Amino acid sequence: MKWLIASDIHGSAYYCEKLIERYKEEKANRLLLLGDILYHGPRNDLPRDYAPKKVISMLNEMKDDIICVRGNCDGEVDQMVLVFPILADYAVIDIGENVIFATHGHHYNESCLPPIKQGDILLNGHTHIPKCVSHESYIYMNPGSVSIPKENSPHSYMTVKNGVFLWKDIDGVEYNRYSKNA
(Lines give C-alpha, C1' and ligand atoms only; values in the text may rest on other atoms or scores of the structure.)
Protein backbone atom coordinates (compact mmCIF):
# COMPACT_ATOMS: atom_id res chain seq x y z
CA MET A 1 0.00 0.00 0.00
CA LYS A 2 1.23 3.49 -0.85
CA TRP A 3 0.35 6.47 1.36
CA LEU A 4 0.65 10.15 0.53
CA ILE A 5 1.12 12.20 3.72
CA ALA A 6 0.55 15.94 3.94
CA SER A 7 -0.07 18.60 6.54
CA ASP A 8 -1.14 22.19 6.94
CA ILE A 9 -3.23 22.96 3.83
CA HIS A 10 -4.66 25.95 5.74
CA GLY A 11 -7.50 26.59 3.28
CA SER A 12 -5.33 27.07 0.19
CA ALA A 13 -7.32 25.95 -2.86
CA TYR A 14 -4.20 26.29 -5.01
CA TYR A 15 -2.05 23.96 -2.90
CA CYS A 16 -4.90 21.58 -2.19
CA GLU A 17 -5.41 21.17 -5.94
CA LYS A 18 -1.66 20.60 -6.42
CA LEU A 19 -1.72 18.02 -3.62
CA ILE A 20 -4.61 16.14 -5.21
CA GLU A 21 -2.76 16.17 -8.54
CA ARG A 22 0.28 14.65 -6.79
CA TYR A 23 -1.95 12.06 -5.08
CA LYS A 24 -3.29 10.92 -8.44
CA GLU A 25 0.12 10.99 -10.15
CA GLU A 26 1.71 9.06 -7.26
CA LYS A 27 -1.08 6.47 -7.57
CA ALA A 28 -1.35 6.42 -3.79
CA ASN A 29 -3.96 4.27 -2.06
CA ARG A 30 -4.59 6.59 0.90
CA LEU A 31 -4.15 10.25 1.76
CA LEU A 32 -3.12 10.89 5.36
CA LEU A 33 -3.74 14.51 6.38
CA LEU A 34 -2.01 15.68 9.56
CA GLY A 35 -4.38 18.53 10.37
CA ASP A 36 -4.93 22.24 9.79
CA ILE A 37 -7.16 21.71 6.79
CA LEU A 38 -9.33 24.83 6.31
CA TYR A 39 -8.35 27.69 8.59
CA HIS A 40 -5.05 29.58 8.29
CA GLY A 41 -4.75 30.43 11.99
CA PRO A 42 -3.97 33.79 13.58
CA ARG A 43 -0.17 33.28 13.44
CA ASN A 44 -0.01 32.60 9.70
CA ASP A 45 -0.43 34.88 6.72
CA LEU A 46 -3.16 33.93 4.30
CA PRO A 47 -1.89 31.21 1.97
CA ARG A 48 -2.08 31.50 -1.81
CA ASP A 49 -5.69 31.32 -3.07
CA TYR A 50 -7.20 31.06 0.41
CA ALA A 51 -10.60 29.53 -0.36
CA PRO A 52 -11.71 27.07 2.32
CA LYS A 53 -15.01 26.34 0.55
CA LYS A 54 -13.12 25.13 -2.52
CA VAL A 55 -10.87 22.99 -0.31
CA ILE A 56 -13.99 21.50 1.31
CA SER A 57 -15.38 20.54 -2.08
CA MET A 58 -12.11 19.06 -3.37
CA LEU A 59 -11.45 16.98 -0.27
CA ASN A 60 -15.05 15.84 0.19
CA GLU A 61 -14.91 14.30 -3.29
CA MET A 62 -12.04 12.11 -1.99
CA LYS A 63 -13.67 11.22 1.35
CA ASP A 64 -13.12 7.47 1.01
CA ASP A 65 -9.37 7.92 0.43
CA ILE A 66 -8.66 10.23 3.39
CA ILE A 67 -7.56 9.55 6.94
CA CYS A 68 -7.18 12.75 8.92
CA VAL A 69 -6.15 13.90 12.38
CA ARG A 70 -7.13 17.14 14.07
CA GLY A 71 -4.80 20.11 13.92
CA ASN A 72 -4.77 23.07 16.28
CA CYS A 73 -6.68 25.12 13.68
CA ASP A 74 -9.38 22.44 13.14
CA GLY A 75 -12.63 22.44 15.08
CA GLU A 76 -16.14 21.09 15.26
CA VAL A 77 -17.35 23.68 12.77
CA ASP A 78 -14.88 22.25 10.22
CA GLN A 79 -16.22 18.76 10.84
CA MET A 80 -19.72 20.05 10.02
CA VAL A 81 -18.66 20.75 6.41
CA LEU A 82 -16.16 17.94 5.82
CA VAL A 83 -17.70 14.50 5.20
CA PHE A 84 -14.70 12.49 6.45
CA PRO A 85 -13.61 12.36 10.12
CA ILE A 86 -11.12 15.07 11.15
CA LEU A 87 -11.43 15.32 14.93
CA ALA A 88 -9.27 12.40 16.12
CA ASP A 89 -6.15 13.56 17.92
CA TYR A 90 -4.11 10.75 16.39
CA ALA A 91 -4.11 7.70 14.14
CA VAL A 92 -2.00 4.59 14.61
CA ILE A 93 -0.87 2.85 11.43
CA ASP A 94 0.54 -0.67 11.61
CA ILE A 95 3.72 -1.06 9.54
CA GLY A 96 4.63 -4.58 10.57
CA GLU A 97 6.80 -4.79 13.67
CA ASN A 98 6.26 -1.11 14.48
CA VAL A 99 3.64 1.60 14.17
CA ILE A 100 3.39 5.10 12.83
CA PHE A 101 1.84 7.36 15.45
CA ALA A 102 0.35 10.12 13.28
CA THR A 103 -0.74 13.32 14.98
CA HIS A 104 -0.71 17.03 14.22
CA GLY A 105 2.08 17.89 16.64
CA HIS A 106 0.58 20.51 18.93
CA HIS A 107 0.05 17.91 21.70
CA TYR A 108 2.43 15.05 20.88
CA ASN A 109 5.84 15.91 19.43
CA GLU A 110 9.56 15.44 20.06
CA SER A 111 9.21 17.27 23.40
CA CYS A 112 6.07 15.41 24.50
CA LEU A 113 6.09 11.80 23.34
CA PRO A 114 2.98 9.67 22.95
CA PRO A 115 3.01 6.02 24.05
CA ILE A 116 5.41 4.58 21.46
CA LYS A 117 7.87 1.71 21.54
CA GLN A 118 11.40 1.13 20.27
CA GLY A 119 11.51 1.63 16.49
CA ASP A 120 8.10 3.32 16.17
CA ILE A 121 7.66 6.46 14.08
CA LEU A 122 6.24 9.69 15.45
CA LEU A 123 4.79 11.56 12.47
CA ASN A 124 3.41 15.06 12.71
CA GLY A 125 3.04 18.39 10.93
CA HIS A 126 2.33 21.63 12.82
CA THR A 127 5.82 23.19 12.58
CA HIS A 128 5.64 23.53 8.76
CA ILE A 129 9.25 22.30 8.62
CA PRO A 130 10.16 18.96 7.01
CA LYS A 131 12.23 16.77 9.26
CA CYS A 132 13.55 13.25 9.79
CA VAL A 133 15.47 12.46 12.96
CA SER A 134 16.46 9.05 14.31
CA HIS A 135 16.29 9.23 18.08
CA GLU A 136 17.57 6.48 20.36
CA SER A 137 14.16 4.82 20.70
CA TYR A 138 12.02 6.23 17.86
CA ILE A 139 12.10 8.04 14.54
CA TYR A 140 10.56 11.50 14.18
CA MET A 141 9.21 12.64 10.82
CA ASN A 142 7.45 15.74 9.54
CA PRO A 143 6.34 16.24 5.91
CA GLY A 144 6.48 20.03 6.19
CA SER A 145 3.59 22.18 4.97
CA VAL A 146 1.76 21.99 1.68
CA SER A 147 0.79 25.67 1.68
CA ILE A 148 2.79 27.68 4.24
CA PRO A 149 6.31 26.22 4.55
CA LYS A 150 8.67 27.76 7.06
CA GLU A 151 12.45 28.21 7.40
CA ASN A 152 12.94 28.30 3.61
CA SER A 153 11.62 24.76 3.20
CA PRO A 154 9.67 23.77 0.08
CA HIS A 155 5.92 23.34 -0.24
CA SER A 156 6.01 19.61 0.44
CA TYR A 157 4.48 16.24 1.20
CA MET A 158 5.69 12.68 1.84
CA THR A 159 4.98 9.24 0.46
CA VAL A 160 5.57 5.89 2.10
CA LYS A 161 5.54 2.47 0.52
CA ASN A 162 7.25 -0.72 1.72
CA GLY A 163 9.06 1.11 4.52
CA VAL A 164 10.55 3.78 2.23
CA PHE A 165 9.60 7.36 3.10
CA LEU A 166 10.15 10.04 0.46
CA TRP A 167 9.91 13.79 1.00
CA LYS A 168 8.90 15.62 -2.17
CA ASP A 169 8.27 19.20 -3.14
CA ILE A 170 4.82 20.08 -4.47
CA ASP A 171 6.04 19.39 -8.01
CA GLY A 172 6.88 15.80 -7.06
CA VAL A 173 10.66 16.19 -6.91
CA GLU A 174 12.22 14.05 -4.18
CA TYR A 175 14.56 15.88 -1.80
CA ASN A 176 14.89 13.46 1.13
CA ARG A 177 14.37 9.77 1.90
CA TYR A 178 14.40 7.37 4.80
CA SER A 179 14.21 3.59 4.61
CA LYS A 180 12.81 1.74 7.61
CA ASN A 181 14.57 -1.41 6.41
CA ALA A 182 18.04 0.12 5.96
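Before reading further, recall that the structure is shown in the block above.
The structure presented is a predicted model; accordingly, all values stated were derived computationally and were not measured.

## Remarks on the nonpolar core
Stage number 1. By size, the foremost hydrophobic cluster in this structure holds 28 residues, and its most contacted members are Leu19, Leu33, Val55 and Leu59.
Stage number 2. When residues of this core are traced back to their parent elements, those giving at least two are strand 1 (2-6), helix 1 (13-26), strand 2 (30-33), helix 2 (52-60) and strand 3 (66-68).
Stage number 3. Of the residues forming this core, the biggest block, six residues, is contributed by helix 1.
Stage number 4. Core analysis: the next-biggest nonpolar cluster, separate from the first, contains 18 residues, Leu34, Ile121, Val160 and Trp167 among them.

## Re the sheet that holds strand 6 (residues 120-124)
The strands making up a sheet associate through hydrogen bonds between their backbones, and the pairing can be parallel or antiparallel.
Stage number 1. Taken in spatial order, the five strands make up an open sheet running 4-5-6-8-7, and their pairing is mixed. Two strands bound the open sheet, and with one partner strand each, they are strand 4 (90-94) and strand 7 (131-134). Within the sheet, the average angular offset between the axes of one strand and its neighbour, ignoring direction, is 15°.
Stage number 2. Two strands pair when backbone bridges link them, and strand 5 (residues 99-103) and strand 6 are joined in this way by four bridges, in the parallel orientation. Of the residues in strand 6, the one forming a bridge with Ala102 is Leu123.

## Here's the deal with the side chain of Lys18
Stage number 1. As for its position among the elements, Lys18 is in helix 1.
Stage number 2. Sequence-distant contacts of Lys18, defined by excluding residues within four places in its chain, comprise Ile170 and Asp171.

## Considering the side chain of His40
Stage number 1. Tracing the backbone through its elements, the reader meets His40 in the loop between strand 2 and helix 2.
Stage number 2. For His40, the contacting residues outside a window of four places in its chain are His10, Asp45, Leu46, Pro47, Tyr50 and Cys73.

## Digging into a nonpolar patch on the surface
Stage number 1. Where nonpolar side chains cluster on the molecular surface, the patch consists of Val77, Met80 and Val81 and spans about 320 Å² of accessible area.
Stage number 2. Along the chain, Val77 falls in helix 3 (residues 76-81).
Stage number 3. With relative accessibility at 58%, the residue Val77 sits in the exposed group.

Basis of the calculations
- Residues numbered from 1 in each chain as written.
- Predicted model: local features only at pLDDT ≥ 70, side-chain atom pairs only at ≥ 80, totals over all residues.
- Heavy atoms only, no water.
- Core = buried A, V, L, I, M, F, W, Y, C linked by side-chain atoms within 4.5 Å.
- Buried < 20%, exposed > 50% of the residue type's maximum accessible area, 1.4 Å probe, protein only.
- Helix = DSSP H or I, 4+ residues; strand = E, 2+ residues; numbered from the N terminus.
- Pairing = 2+ DSSP bridges.
- Axes fitted to C-alpha atoms, helices over the stretch in contact; angles between N-to-C directions.
- Contact = heavy atoms within 4.5 Å.
- Patch = residues over 30% accessible without salt bridge, like charges linked within 9 Å, V, L, I, M, F, W, Y side chains within 5 Å.
- Areas by Shrake-Rupley, 256 points an atom, 1.4 Å probe, with all protein chains shown as cover.
- Salt bridge = Lys/Arg side-chain N within 4 Å of Asp/Glu carboxyl O.

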